[in-house]
Amino acid sequence: MASRSTARKLPLAEQADRFALYQEAVNAPADNIEFIERVYTEMRGVRPRVLKEDFCGTALLATEWAKRGPQRKSIGVDLDAEALAWARRHNLGPAGPGVSGRVELVHADVLAPNELRADVVCALNFSYFLLPTRQQLLAYFRNVRRSLRPRGLFVLDCIGGTEAVADYHEQREYDGFSYIWDHQEFNPLDHTARCSISFAFPDGSRIEPAFAYRWRVWTLPELRDLLDEAGFTAPRVFWEYTDEEDGTTEYREIAHEQNQEIWLTYLVAST
């Protein structure tokens, strides 16, 4: 019988939790909330109270929103039952009943009509790119509009640039693992691409892929036209700018900008 010192250790990839790694590498709830609160307060003169997070996955944003105060409520909607179960165990559970009691997780398709209402609906991390046809995205935007309270706001982000409409590979380093993004088989005829997220570890093991899907790279003119058709006012576009000295980022409203290899924006549409 092998001793503890000689027993085979599991590769780091087999010990890792892909949802926890995704949250660390991809999600930025504090930044999202700061932006949403700033823009909503500037436009409406009050702070928003109810947030609906579509394509919520592990509902980290919805959880963090509810943590901001006892008057805050949030709704998370996703079609992935595994991600929602993980959210309940690892995000809502540790937050305690005072927070989890103000977070409603809904296992549903965002295209299905529902009676939930919020001050702000958001679709972040380009999640709506999973809707590849004009008909689907228009139906989703119409659902969003119906789910907003009077004077509500719809916040979504967008990625673009010359690299976003081509095959590309990105790797970022984190404490104890590497995040790997692959964007392959980009088709210029319909702007779809095969995407995957993988994680690599110092012992050479990998989770490859941890997540995989096909999405459509929607352009800003297409999004603005569809939002208009769905009944929203002209969306405001906030472009990401990075300070070269300290690496901090801020989002400024723009009406014109030069193309880049990769750019990121928020769009804010009003009812």
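Everything numeric in this text was worked out from a predicted model, so none of it was measured.

Caption draft 1: Representation of helix H2 (residues 18-26) in the model. Phe19, Leu21, Gln23, Ala25 and Val26 are the residues of H2 that are buried. A distance of 2.9 Å separates the backbone nitrogen of Phe19 from a side-chain oxygen at the start of H2, and that oxygen is part of Asp17.

Caption draft 2: Representation of the sheet that holds strand E12 (residues 263-270) in the model. The strand order across the open sheet built from 8 strands is E3-E2-E1-E4-E5-E12-E10-E11, with neighbouring strands paired in mixed fashion. Edge positions in the sheet fall to strand E3 (103-107) and strand E11 (249-254), since each has one partner strand and no second. Here the strands of the sheet are splayed against their neighbours by 20° on average, with no regard to which way each runs. Pairing geometry for strand E4 (residues 118-123) and strand E5 (residues 148-160), over 5 bridges, is parallel. Across the sheet, the residue bridging to Cys122 is Val155, located in E5. In the packing of helix H5 (residues 81-95) onto the sheet, the strands contacted are strand E2 (73-78) and E3, and the crossing angle to E3 comes to about 160°.

Caption draft 3: Seen up close, the UniProt feature "domain: Methyltransferase" (unreviewed entry) in the chain. If you check UniProt for "domain: Methyltransferase" (unreviewed entry), the listed places come out as residues 56-152 in our numbering. Between the end C-alpha atoms of residues 56-152 there is a gap of 19 Å, over a span that is 41% helix and 23% strand.

Caption draft 4: Up close: the packing of helix H7 (residues 134-147) against helix H8 (residues 220-229). For the pair H7 and H8, interaxial distance at closest approach is 9 Å and the crossing angle is 50°. Classified by the angle between their axes, H7 and H8 sit oblique to one another. Crossing handedness for the pair H7 and H8: right-handed. Two secondary-structure elements touch here, H7 through Arg134, Leu137, Leu138, Phe141 and Arg142 and H8 through Leu223, Leu226, Leu227 and Glu229. Partitioned by chemical class, the residues of the contact of H7 with H8 number 6 nonpolar, no polar and 3 charged.

Caption draft 5: Highlighting the nonpolar core. Ranked by internal contacts, the top residues of the largest apolar core, which has 58 residues, are Tyr128, Tyr140, Phe141 and Phe154. Filtering out sequence-adjacent residues up to four positions away, Tyr140 remains in contact with Asp54, Phe55, Val110, Leu111, Val121, Ala123, Tyr128, Leu131 and Phe154. Leu124, Val155, Phe238 and Val268 belong to the second-largest nonpolar core, a separate cluster that totals 16 residues.

Caption draft 6: The side chain of Arg44, seen in detail. Its place among the elements puts Arg44 in helix H3 (residues 29-44). Among buried charged residues, Arg44 stands out as having no salt bridge; its nearest opposite-charge side chain is Asp119, 8.7 Å away. There is a polar contact of 2.5 Å between the side chain of Arg44 and the side chain of Ser270. Leave out the neighbours within four places in its chain, and Arg44 touches Arg151, Gly152, Leu153 and Ser270.

Caption draft 7: Up close: the sheet that holds strand E8 (residues 192-200). Read across the sheet, 4 strands follow the order E6-E7-E8-E9 without closing on themselves; strand pairing throughout is antiparallel. Edge positions in the sheet fall to strand E6 (168-174) and strand E9 (206-216), since each of these pairs with one other strand and no more. Strand-to-strand twist in this sheet, taken as the mean axis angle between neighbours without regard to direction, amounts to 15°. Relative to strand E7 (residues 177-187), E6 runs antiparallel, the two being bridged by 7 bridges. Among the inter-strand pairings, Glu173 is bridged to a residue of E7, identified as Ser178.

Caption draft 8: Layout of the packing of aromatic side chains. Tallied over the full model, the rule gives 23 aromatic pairs. A ring pair is formed by Tyr140 and Phe141, whose centres lie 5.9 Å apart and whose planes are at 45°; its orientation type is tilted. Each member of the pair Tyr140 and Phe141 is classed as buried. Here Trp181 and Tyr213 contribute two aromatic rings whose centre-to-centre distance is 6.4 Å and whose plane-to-plane angle is 45°, an arrangement assigned as tilted. Residue Trp181 is found in strand E7, and its partner Tyr213 is found in strand E9; the two are separated by 32 residues along the sequence. Residue Trp181 is classed as buried on the basis of its relative accessible area of 6%. Taken together through their ring pairs, the aromatic side chains of Phe126, Tyr128, Phe129, Trp181, Tyr213 and Trp215 make up a single cluster. Between the NZ or CZ atom of Arg252 and the centre of the ring of Tyr241, over which it lies, the distance is 4.2 Å.

The rules behind each value
Residues numbered from 1 in each chain as written. Predicted model: local features only at pLDDT ≥ 70, side-chain atom pairs only at ≥ 80, totals over all residues. Heavy atoms only, no water. Buried < 20%, exposed > 50% of the residue type's maximum accessible area, 1.4 Å probe, protein only. Helix = DSSP H or I, 4+ residues; strand = E, 2+ residues; numbered from the N terminus. Polar contact = N/O pair within 3.5 Å; in protein donor to acceptor, adjacent residues only side chain to side chain. Pairing = 2+ DSSP bridges. Axes fitted to C-alpha atoms, helices over the stretch in contact; angles between N-to-C directions. Contact = heavy atoms within 4.5 Å. UniProt positions renumbered as here; feature names shortened; annotations may be inferred. Parallel < 35°, antiparallel > 145°, perpendicular 65-115°, else oblique. Left-handed = near helix turned anticlockwise from the far one by under 90°. Nonpolar A, V, L, I, M, F, W, Y, C, P; charged D, E, K, R; others polar. Core = buried A, V, L, I, M, F, W, Y, C linked by side-chain atoms within 4.5 Å. Lys, Arg positive; Asp, Glu negative; His and termini not counted. Salt bridge = Lys/Arg side-chain N within 4 Å of Asp/Glu carboxyl O. Phe/Tyr/Trp six-rings, centres within 6.5 Å; stacked < 30°, edge-to-face > 60°. Lys NZ or Arg CZ within 6 Å of the ring centre and 35° of its normal.

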